[in-house]
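Each chain, letter by letter, is given below.
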Amino acid sequence: QRCRGVFTVLDALLGALRASIENRDQVEAGRIAHALKGSAANVGACLLANIARDAEIAAKTGDFAAARAACDAAPAAYDATRRAVDNRIAAFERR
């Protein structure tokens, strides 16, 4: 349950990041991307963490097109991570 709970946090961060990028809020987008990067890295979601890093750098430099592109790539990485975690938990539960 705890492993799956992290996705609630990641969902909220992704939504907030998208909103801050759409609002062109450089400070908030950078802050949220940084939080997303850390949260993703803490659970081993390296691709998602790298995408968040790209969004963070882009947002902090005011490159909202690049930040939006990174944000657009995040759902695929998120979905792949979620599937991997779900599969791992299911395999563990079958033991």
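Here the structure is shown first, and the text comes after it.
Predicted model only: the values in this text are computed from it and were never measured.

Caption draft 1: Region of the structure containing the packing of helix α3 (residues 46-60) against helix α4 (residues 64-94). With their axes 8 Å apart at the nearest point, α3 and α4 run at an angle of 165° to one another. Judged by the inter-axis angle, α3 sits roughly antiparallel to α4. As α3 runs across α4, the sense of the crossing is left-handed. Contacts between α3 and α4 involve Leu47, Leu48, Ile51, Asp54, Ala55, Ala58 and Ala59 from the first element and Ala66, Ala67, Ala70, Ala73, Ala74, Ala77 and Tyr78 from the second.

Caption draft 2: Here's a closer look at the nonpolar core. Counting 27 residues, the largest nonpolar core has Leu10, Leu17, Ile21, Leu36, Leu48 and Tyr78 as the members making the most contacts within it. Among the secondary structure elements, those contributing two or more residues to this core are α1 (2-22), α2 (26-42), α3 and α4. What leucine 10 contacts, discounting residues up to four positions off in sequence, is Leu36, Ser39, Ala40, Leu48 and Tyr78.

Caption draft 3: Local environment of the pattern of salt bridges. Here the structure, examined in full by the defined rule, presents seven salt bridges. For glutamate 56, the salt bridge identified is with lysine 37, shortest N-O distance 2.8 Å. Taken as a pair, glutamate 56 in helix α3 and lysine 37 in helix α2 lie far apart in primary sequence, 19 residues in all. The partly exposed category is assigned to lysine 37, whose relative accessible area is 24%. One salt-bridge network, held together by shared partners, links Lys37, Glu56 and Lys60.

What counts as what
- Residues numbered from 1 in each chain as written.
- Predicted model: local features only at pLDDT ≥ 70, side-chain atom pairs only at ≥ 80, totals over all residues.
- Heavy atoms only, no water.
- Axes fitted to C-alpha atoms, helices over the stretch in contact; angles between N-to-C directions.
- Helix = DSSP H or I, 4+ residues; strand = E, 2+ residues; numbered from the N terminus.
- Parallel < 35°, antiparallel > 145°, perpendicular 65-115°, else oblique.
- Left-handed = near helix turned anticlockwise from the far one by under 90°.
- Contact = heavy atoms within 4.5 Å.
- Core = buried A, V, L, I, M, F, W, Y, C linked by side-chain atoms within 4.5 Å.
- Buried < 20%, exposed > 50% of the residue type's maximum accessible area, 1.4 Å probe, protein only.
- Salt bridge = Lys/Arg side-chain N within 4 Å of Asp/Glu carboxyl O.

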